[in-house]
Amino acid sequence: MADKLFEYAPAPESRDIARLRPSYQIFVNGGFRDGSGEAIKTINPADEEPLAEVAEAGPSDVDDAVTAARGAFRPWSALPGRERGKYLFRIARAIQERGRELAVLESLDNGKPIREARDVDIPLAAAHFFYYAGWADKLGYAGFGPSPRPIGVAGQIIPWNFPLLMAAWKIAPALACGNTVVLKPAETTPLTALVLAEIIAEAGLPPGVVNILAGGPAIGQAIVEHGDIDKIAFTGSTEVGKIIRRTLAGTSTRLSLELGGKAANIVFDDAPLDQAVEGIVNGIFFNQGQVCCAGSRLLVQESVADELVAALQRRLATLRVGDPLDKNTDVGAINSAAQLARIRELTEAGVQEGATRWSPPCELPERGYWFVPTVFTGVSQAHRIAREEIFGPVLSVLTFRTPDEAVEKANNTPYGLSAGIWTDKGSRILSMASRLRAGVVWANTFNRFDPASPFGGFKESGFGREGGRHGLEAYLDA
Ligand code: NAD
């Protein structure tokens, strides 16, 4: 490619580091066992080869896990907070110690570049456990009264895009507050959650405090419909979030939902454009765009639109797409055939509806689920690619003239998870942030996460917050 200054030599991370086993079991009441469902094969999306066989839970395993969590609740919640904190600190340290193994395993099971699993997913998962370990003995000072009580047994259902990190987001605050949990990872990415179960067992956590059940939607549904769960925490699609909300309507089960998004990343004409380009790339191509808060709609001020799009195209020509285990890879594989089909369907709709499609020249591996980074220009608000969550490496570019028009367009979506603002003016950042209906607003950066910072949505992006002091509220009877 003309813009490439030099080629990179292959720098593959060794897959042996993952210590992949032929089979994995579910974790119930402190022990590993085969589930009563049929075993499933989890595959590597980068080459479609099976990685391992995973025992799948059946409805009787859900019953057993809930009974174990119920039995463990009283003694666990009666422990002094500092004792619960000790277990969380242990888990956090063990995640750090096994960080390389977890990063390679995550990259194999999910398809994400090792650079991201190693530098983002795993360190942030450990950071969440460290952060909530610190809260465990300070709950009386968190602003929820002098002795806030836990809720009870939490059923937690998570998606495949950040498998270990989502497990940490769910388990750490729940345990810190004195709850016990039954967690279900997504069917395509169960491996790191099951290794986390090993870490939890080795940390000496009392049996039943954490139970981890591999399985598909039916097991998720069995958890939601189980009568003896006090709280459901769900991260996933808006569609399933709506089903869960309907199922729980009229019951006393608490609910928090972290759902989809269609974030606007807004670039004003006074923004440092080179930095904005990096933020746009990180906003939509990080994790192949399979990020609920991805900056999938670029709103650029009309006067700099041509210049910005040209700079973006030059930058995209340097992205390296391919082997997720190569340390130089920027964009890895799409997680599943189903997700790839959805990305294809929506991008084809973009072309049919009249938007202009552009991708850098790029060779994709022959096997596996791959999608080349894609930019659509000439997008209008009515296009499906501007309205629907694609959950892939696809950016829709729209333009605006005034800040009012930017706010109008950014908020013109059923979602409200995140947004980005790029400008030189602090006053404009503040005024825009206060008018954007989004749970997280980044200024002159994008996709930055910190356990101390709350995360969650408006409108169809869900309700409840995870992270920070706010994240405690979802697990306290406050
Ligand atoms: P999904 O909703 O299909 O699945 C999520 C989880 O729910 C999986 O574990 C799945 O097995 C389970 N599930 C499916 N049907 C169920 C049912 N009827 N009852 C109970 N559980 C059920 O979503 P996905 O395709 O795995 O993930 C992609 C979606 O997740 C995207 O829309 C994305 O925006 C969203 N997401 C949101 C956040 C957030 O924090 N807001 C984070 C990551 C992903």
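Preceding block: the structure.
Sequence order sets the numbering: in each chain, residues are counted from 1 along the sequence as written. For a predicted model such as this one, the threshold for reporting local features is a pLDDT of at least 70, and the threshold for listing and counting side-chain atom pairs is 80 or more; totals across whole chains, interfaces and linings nevertheless cover every residue.

Peer 1: Just give me the short version of helix α2 (residues 81-97), but keep the residues and values in it.
Peer 2: Counting from the N terminus, the helices are the DSSP runs of H or I reaching at least four residues and the strands are the DSSP runs of E reaching at least two. One less than the number of residues in a helix, times 1.5 Å, gives the span that helix is expected to have. The end-to-end C-alpha separation of α2 is 24 Å, in line with the 24 Å expected for 17 residues at 1.5 Å each. Listed in full, the buried residues belonging to α2 are Arg84, Gly85, Tyr87, Leu88, Ile91, Ala92 and Ile95. All buried residues of α2 fall inside an arc of 160 degrees around its axis, so they share one side. Exposed and facing more than 90 degrees away from the buried side of α2 are Arg82, Glu83 and Glu97. Placing C-beta atoms from the backbone, we regard two residues as in contact once those atoms come within 7 Å. The secondary structure elements touched by the buried residues of α2 are α3 (99-110), α4 (114-135), α5 (163-176) and α6 (191-202). Three exposure classes are used, all based on how many other C-beta atoms lie within 10 Å of a residue's own C-beta (placed from the backbone): buried at 20 or more, exposed at 12 or fewer, and partly exposed between those limits. To obtain the arc, one takes the directions from the helix axis to the C-beta atoms.

Peer 1: Tell me about the pairing of strand β17 (residues 440-443), residues and numbers included.
Peer 2: Moving residue by residue along a regular strand, the side chains alternate between the two faces of the sheet. Relative to β17, strand β16 (residues 418-422) runs parallel, the two sharing 4 bridges. Looking at the pairing, Gly420 lines up with Trp442 of β17. At least two DSSP bridges between two strands are needed for those strands to be called paired.

Peer 1: Account for the sheet that holds strand β4 (residues 40-43), with residues named and values stated.
Peer 2: Spatially, β1-β5-β4 is the arrangement adopted by the 3 strands of the open sheet, whose pairing is mixed. Unpaired on one side and paired on the other, β1 (23-24) and β4 mark the two borders of the sheet. Pairing analysis gives 2 bridges linking β1 to strand β5 (residues 50-54), with the strands arranged parallel. Bridge assignment links Ser23 to a residue of β5, and that residue is Glu53.

Peer 1: Give me the lowdown on unusual backbone geometry, citing residues and values where you can.
Peer 2: Peptide bonds are mostly trans, and most non-glycine residues show a negative phi. Phi is positive for Gln288, which is not a glycine, with a value near 60 degrees. Its location among the elements puts Gln288 in the loop between α9 (273-285) and β12 (297-301). Despite not being glycine, Lys459 has its phi angle at roughly 45 degrees, a positive value. Accessibility expressed as a C-beta count within 10 Å gives 18 for Lys459, which makes it partly exposed.

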